[in-house]
Amino acid sequence: MCSYIVEKTALVGSAKGRKGWMRIDTANVYFDHPYYSTLDHVLAIDFTNEGEGGRDRVAVELSADSARALVERILAALASGEVAHGGATTSVAVAAE
Amino acid sequence: MSYYQGLQAEVVPFCGHNGDQGEAYYARPLRTGKFPGIVVIHHIPGWCEWTTEVVRKLAHHGYAAIAPHLYFREGGPNESPDDLGARIRAAGGVADAQVMGDVAGTMAYLRAQPNANGKIGVIGFCSGGRHTYLAACTLKGIDAAVDCWGGNVIVDNPKDLNDKRPVAPIDLTEKISCPLLGIFGNDDANPTADQVNRTEAVLKKLGKNYEFHRYNGAGHAFFNWQRDAYRPEQAMDGWRKVFDFFNRYLAASATSIAAE
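Residues numbered from 1 in each chain as written. Chains lettered and ligands numbered in written order. Predicted model: local features only at pLDDT ≥ 70, side-chain atom pairs only at ≥ 80, totals over all residues.

1. Re helix H5 (residues 193–205) of chain B
Residues and elements named next belong to chain B.
Inference 1: Across its 13 residues, H5 extends 18 Å between first and last C-alpha, which sits within 8% of the 18 Å expected from 1.5 Å per residue.
Inference 2: The complete set of buried residues in H5 reads Gln195, Val196 and Thr199. For H5, the angular spread of the buried residues around the axis is 100°, confining them to a single face. Exposed positions of H5 whose direction lies more than 90 degrees from the buried face are Asp194, Ala201, Lys204 and Lys205.
Inference 3: Of the surrounding elements, those touching the buried residues of H5 are strand E7 (180–185) and strand E8 (210–215). (Helix = DSSP H or I, 4+ residues; strand = E, 2+ residues; numbered from the N terminus. Expected span 1.5 Å × (residues − 1). Buried ≥ 20, exposed ≤ 12 C-beta atoms within 10 Å, placed from the backbone. Arc of directions from axis to C-beta. Contact = placed C-beta atoms within 7 Å.)

2. A look at unusual backbone geometry
All names here are of chain B.
Inference 1: A cis geometry characterises the amide bond from Asn190 onward to Pro191, with omega recorded as 10°.
Inference 2: Note on placement: Pro191 falls in the loop between E7 and H5.
Inference 3: The backbone of Asn18 sits at a positive phi, close to 60°, despite the residue not being glycine.
Inference 4: With respect to the helices, strands and loops of the structure, Asn18 is situated in the loop between strand E1 (7–15) and strand E2 (21–29).
Inference 5: Given 11 C-beta atoms within 10 Å, Asn18 falls into the exposed group.
Inference 6: Although it is not a glycine, Trp149 adopts a positive phi angle of roughly 45°.
Inference 7: As for its position among the elements, Trp149 is in the loop between strand E6 (144–148) and E7.

3. Examining the environment of Ala144 of chain B
Residues and elements named next belong to chain B.
Inference 1: Inspection of the secondary structure assignment puts Ala144 in strand E6.
Inference 2: On a C-alpha basis, the gap between Ala144 and Asn197 in space is 21 Å, while along the polypeptide they are 53 residues apart.
Inference 3: In this structure Ala144 touches Gly121, Cys178, Pro179, Phe245, Phe246, Tyr249 and Leu250, once residues within four positions along its chain are discounted.

4. Section: the interface of chain A and chain B
Inference 1: Each partner contributes to the interface: chain A provides 17 residues, whereas chain B provides 27 residues.
Inference 2: Where the side of chain A that touches chain B is concerned, the elements lending two or more residues are strand E2 (20–32) and strand E4 (57–62) of chain A.
Inference 3: When residues of the side of chain A that touches chain B are assigned to their parent elements, the largest contribution, three residues, is made by E2 of chain A.
Inference 4: Each residue belonging to the side of chain A that touches chain B can be placed in one class, and the counts come to nine nonpolar, four polar and four charged. (Nonpolar A, V, L, I, M, F, W, Y, C, P; charged D, E, K, R; others polar.)

5. Points about the pairing of strand E1 (residues 7–17) of chain A
Residues and elements named next belong to chain A.
Inference 1: Relative to E2, E1 is paired through nine bridges, and the arrangement is antiparallel. Bridging across to E2, Ala10 finds its partner in Thr26.
Inference 2: Turn length for the E1-E2 hairpin, with the two strands adjacent in sequence and antiparallel, is two residues. (Pairing = 2+ DSSP bridges.)

6. Regarding the sheet that holds strand E4 (residues 64–68) of chain B
Residue and element names in this part refer to chain B.
Inference 1: Strands sit in the order E1-E2-E4-E3-E5-E6-E7-E8 across an open sheet of eight strands; the sheet is mixed. Each end of this open sheet is capped by a strand with a single partner; those strands are E1 and E8. Averaged over all neighbouring strand pairs, the angle between strand axes comes to 20°, with direction disregarded.
Inference 2: Running at roughly 150° to E4, helix H3 (residues 96–112) makes contact with E1, E2, strand E3 (35–41), E4 and strand E5 (116–125) of the sheet. (Axes fitted to C-alpha atoms, helices over the stretch in contact; angles between N-to-C directions.)

7. Quick word on the environment of Gln8 of chain B
Residues and elements named next belong to chain B.
Inference 1: With respect to the helices, strands and loops of the structure, Gln8 is situated in strand E1.
Inference 2: On the neighbour-count criterion, Gln8 (11 C-beta atoms within 10 Å) is exposed.
Inference 3: Considered as a pair, Gln8 and Tyr26 are 18 residues apart in the sequence and their alpha carbons are 8.1 Å apart.
Inference 4: Sequence-distant contacts of Gln8, defined by excluding residues within four places in its chain, comprise Ala27, Arg28 and Leu30.

8. Here's the deal with the packing of H3 of chain B against helix H4 (residues 127–138) of chain B
Residues and elements named next belong to chain B.
Inference 1: Two elements in contact, H3 and H4, have axes whose closest approach is 10 Å; the angle formed by their N-to-C orientations is 75°. Considered as vectors, H3 and H4 are oriented roughly perpendicular to each other. Along its contact with H3, which presents Asp96, Val99, Met100 and Val103, the element H4 presents His131, Leu134, Ala135 and Thr138.
Inference 2: Tallied by class, the residues present in the contact of H3 with H4 amount to five nonpolar, two polar and one charged. (Parallel < 35°, antiparallel > 145°, perpendicular 65-115°, else oblique.)

9. Observations concerning the nonpolar core
All names here are of chain B.
Inference 1: Counting residues in hydrophobic clusters, the biggest one holds 72 residues, and the most contacted among them are Val40, Val55, Ala65 and Ile66.
Inference 2: For this core, the element with the most residues is H3, which contributes six residues.
Inference 3: Those residues in contact with Val55, other than ones at most four positions away along the chain, are Ala9, Tyr25, Ala27, Val40, Ala65, Ile66 and Ala67. (Core = buried A, V, L, I, M, F, W, Y, C linked by C-beta atoms within 7 Å.)

See below:
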């Protein structure tokens, strides 16, 4: 694709990177040429903490099919998990997108 | 004398756009003599290992080659180029004017070396191919330019132009003042075969010195052996075209030290 198109979303969470665990507040999502993967294109996600400057990231590069499968499994895990835990969803305010 | 002669490769400082001090990967033959210089412009993912391999390949073939780290302003020398690339992407990319300034800076670096023969080429891949087209249009002192599958040379939707990329390179074609080689895969989605044809039509109409080579069974980045996109037969022929072109316009006195 050779583009700078990025889907950015605010989030609440944490991730483990090269310096250990860190808070994350942003995910940058894009479908483009990879840095590491051998695939022509990947669905890439960079988890960062822009509130702390965004210098560290936890990154993944996924094939398009596996990314779609992951989306389904995330939704399935949320659905079954929230039922198992009494339907309670911990709601935490997310910064404006 | 050994058939395979040595080369030296290292990271060097250079003066880029606005006088900013950056770093570049530089390689040149170790033997004595004067060599043509070539600037290598990396692709969107960043100043990657494959880019450094291209620089060494050019040095192996008798050129002094340099690849500026176009994202150096985002971090220090000890930060991974891919992390800097991720930040650049999130910020919407690098500005064309800044890239042209950095390319001009590395051209000046090459010219200042005691081994320079005075000739300068530019080659770029993916977004670097587009930057190469822009450099051929806007920078003085380029003797030969090679655009490898640069996308977005043609911009059909004006909304895709912005402060960082304000002008479609195709609209600057009249200013091209050096020979241009284009290498493309017919299966590429950006640039498409139709866009390559339209670019060629403009070059032809304006009477520019160019040659385009299109490869069936190949798409984007088919030189890149680290990707599934790699097409060895087409890539080998493409490299032959690149060296034939550079030898023709840059290296009348340069002797390749590598097997063709």
